[in-house]
Number of protein chains: 2
Amino acid sequence: MIQVALIGKGNVSHHLQKAFSKTSQVEVVQVVPSRKINHETSFKDSIDIFIIAIRDDAIHAVSQYFKDSKKLILHTSGSISIDALPSRIRRGVFYPLQTFTKEREIDFETVPICVEAEHDKDLELLKELAGSISGSVHEISSGQREKLHLAAVFVNNFTNHMYRIGQEICQKNELDFTMFQPLMLETAKKLETLSPFEAQTGPAKRNDDSTIARQLEQLKVEKHKEIYQLLTESIKTTYGKEL
Amino acid sequence: MIQVALIGKGNVSHHLQKAFSKTSQVEVVQVVPSRKINHETSFKDSIDIFIIAIRDDAIHAVSQYFKDSKKLILHTSGSISIDALPSRIRRGVFYPLQTFTKEREIDFETVPICVEAEHDKDLELLKELAGSISGSVHEISSGQREKLHLAAVFVNNFTNHMYRIGQEICQKNELDFTMFQPLMLETAKKLETLSPFEAQTGPAKRNDDSTIARQLEQLKVEKHKEIYQLLTESIKTTYGKEL
């Protein structure tokens, strides 16, 4: 059985702990908040892997406390290189490509876990760890992971901002935003069978300039207008229309 | 039993036909492609409702063929006013708030259907029609529907474009875009329990300017850079950060 210590008590740590509790291949034997880590912190000898699941900008500093460790030391960040961890230790990355909220249950079985390590034996152990909770384990270098994280900003962060603007428009017009729940789900699910290039619909795709002009007029927030205009141009460019 | 004729053979018509086939309250007795409609087209006398499910810009012209009809005449568009239909007839709107693709099955039970009519009796019939396939029927005026459709452009069309940019980044870096499927679904599902304001995460929300600068550098397409910049600014504004 792989014995694991989790450093950090945020969302990722919380969800990993829950996921590992469901497999007999892994046991979480210690969970330590990052602010409690110092040179005096004592860890069980039996631990095979330390997973540092904390804020990106604290990874470098906290990992320094493991610079003499003989164990496998991982971080869980999409945008931080493996090089942020001390050199000359057994280091690696365990990045679950998912968005975590404390209150929401996550089915890890389908969550892609991107792993990276510098030694074959560590990579093997890392794959065993990831494979114990997910059926989707991928070897991804730090360079590729950086691009994956950039794509995730569009797919997750910017998408959520589109939802937010939709909700603001609803609020202003006394419309119930929860009406959009089935549409939001289907927009994502569609891509199980179509590429986003094929799935595009709407006035910009149709080059329907009269609807575009009318909708621009309806937008009252200057930033929303700018976003509408820029994304409309970008969709038109994607489909080769004259601007 | 309500007898219905569908005008048009596109996605919406196809899915409505399928949905009505599952209820005993409604029977689709005729389906006519819009190009076959003219003054000589003969319709069954038994028909209660005509549903014109065609391209937005053809609704006005095609509906003229019904200007002497005594039946209830509906269109299915989100962005077209009820006034596009001939005045002095029994007219109405039946707008399902969903995105339709021929190959994909839609569970109509959860699809919000926005209805509008000018006479109480027509509205009653319209609600019976919508209620036969959906548990989510909403009385929405043309003015409100216009705003709903505007919000849908952000929630559906622009969101899909975010997916598209994510996919382009993946392609260029030999990453498998299907890895994003669980993330896209969870980003939408999250809003069952959180508002999009609460659900926002990412470098812009955190005001993480070093990640923002690094990601901007990684973007090679000028339009993608502009979009990244504008949406980052807009998220910062939403959360009251100085720009």
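None of these values were measured; they are calculated from a predicted model.

Draft legend 1. Layout of the interface of chain B and chain A. Contact with chain B, which involves 86 residues of that partner, is made by 86 residues of chain A. Carbon and sulfur atoms make up 66% of the surface buried where chain B meets chain A, a total of about 8,800 Å² over both sides. Summed over the three residues of chain B that lose the most area to chain A, namely Arg104(B), Phe154(B) and Met179(B), the buried surface amounts to 9% of that side. Between chain B and chain A we count six salt bridges in total. Ionic pairing is found between Glu233(A) and Lys223(B), a salt bridge with its closest N-O pair at 3.2 Å.

Draft legend 2. Summary view of the pattern of salt bridges. Residue and element names in this part refer to chain A. Inspection of the entire model under this criterion finds 30 salt bridges over all chains. In this structure, Lys 22 engages Glu 105 in a salt bridge whose closest nitrogen and oxygen atoms are separated by 3.4 Å. Separated by 83 residues along the polypeptide, Lys 22 in the loop between helix H1 (11–20) and strand S2 (26–32) and Glu 105 in the loop between strand S5 (90–96) and strand S6 (113–117) bring together distant segments of the chain. There is no split in this pair, since Lys 22 and Glu 105 are both exposed.

Draft legend 3. Geometry of the nonpolar core. Judged by nonpolar contacts, the single largest core of 80 residues is most densely connected at Phe154(A), Phe180(A), Phe154(B) and Phe180(B). Filtering out sequence-adjacent residues up to four positions away, Phe154(B) remains in contact with Met162(A), Ile165(A), Gly166(A), Ile169(A), Leu219(A), His224(A), Ile227(A), Tyr228(A) and Thr159(B).

Draft legend 4. Region of the structure containing empty space enclosed by the protein. All names here are of chain A. According to the stated counting rule, one finds three cavities of 30 Å³ or more in the structure shown. Put simply, the largest cavity is a space of about 40 Å³. Taken together, His 15, Lys 18, Ala 19, Lys 22, Arg 104, Glu 105, Ile 106 and Phe 108 make up the full set of residues lining the largest cavity. Considered class by class, the residues forming the lining of the largest cavity number three nonpolar, one polar and four charged.

The rules behind each value
Residues numbered from 1 in each chain as written. Chains lettered and ligands numbered in written order. Predicted model: local features only at pLDDT ≥ 70, side-chain atom pairs only at ≥ 80, totals over all residues. Heavy atoms only, no water. Contact = heavy atoms within 4.5 Å. Buried area = accessible area lost by both parts, 1.4 Å probe. Salt bridge = Lys/Arg side-chain N within 4 Å of Asp/Glu carboxyl O. Helix = DSSP H or I, 4+ residues; strand = E, 2+ residues; numbered from the N terminus. Buried < 20%, exposed > 50% of the residue type's maximum accessible area, 1.4 Å probe, protein only. Core = buried A, V, L, I, M, F, W, Y, C linked by side-chain atoms within 4.5 Å. 1 Å grid on protein atoms, 1.4 Å probe; cavity = no way out; pocket = protein on both sides within 12 Å on 5 of 7 lines; lining within 4 Å. Points joined across faces, edges and corners; volume = space filled by probe spheres on them. Nonpolar A, V, L, I, M, F, W, Y, C, P; charged D, E, K, R; others polar.

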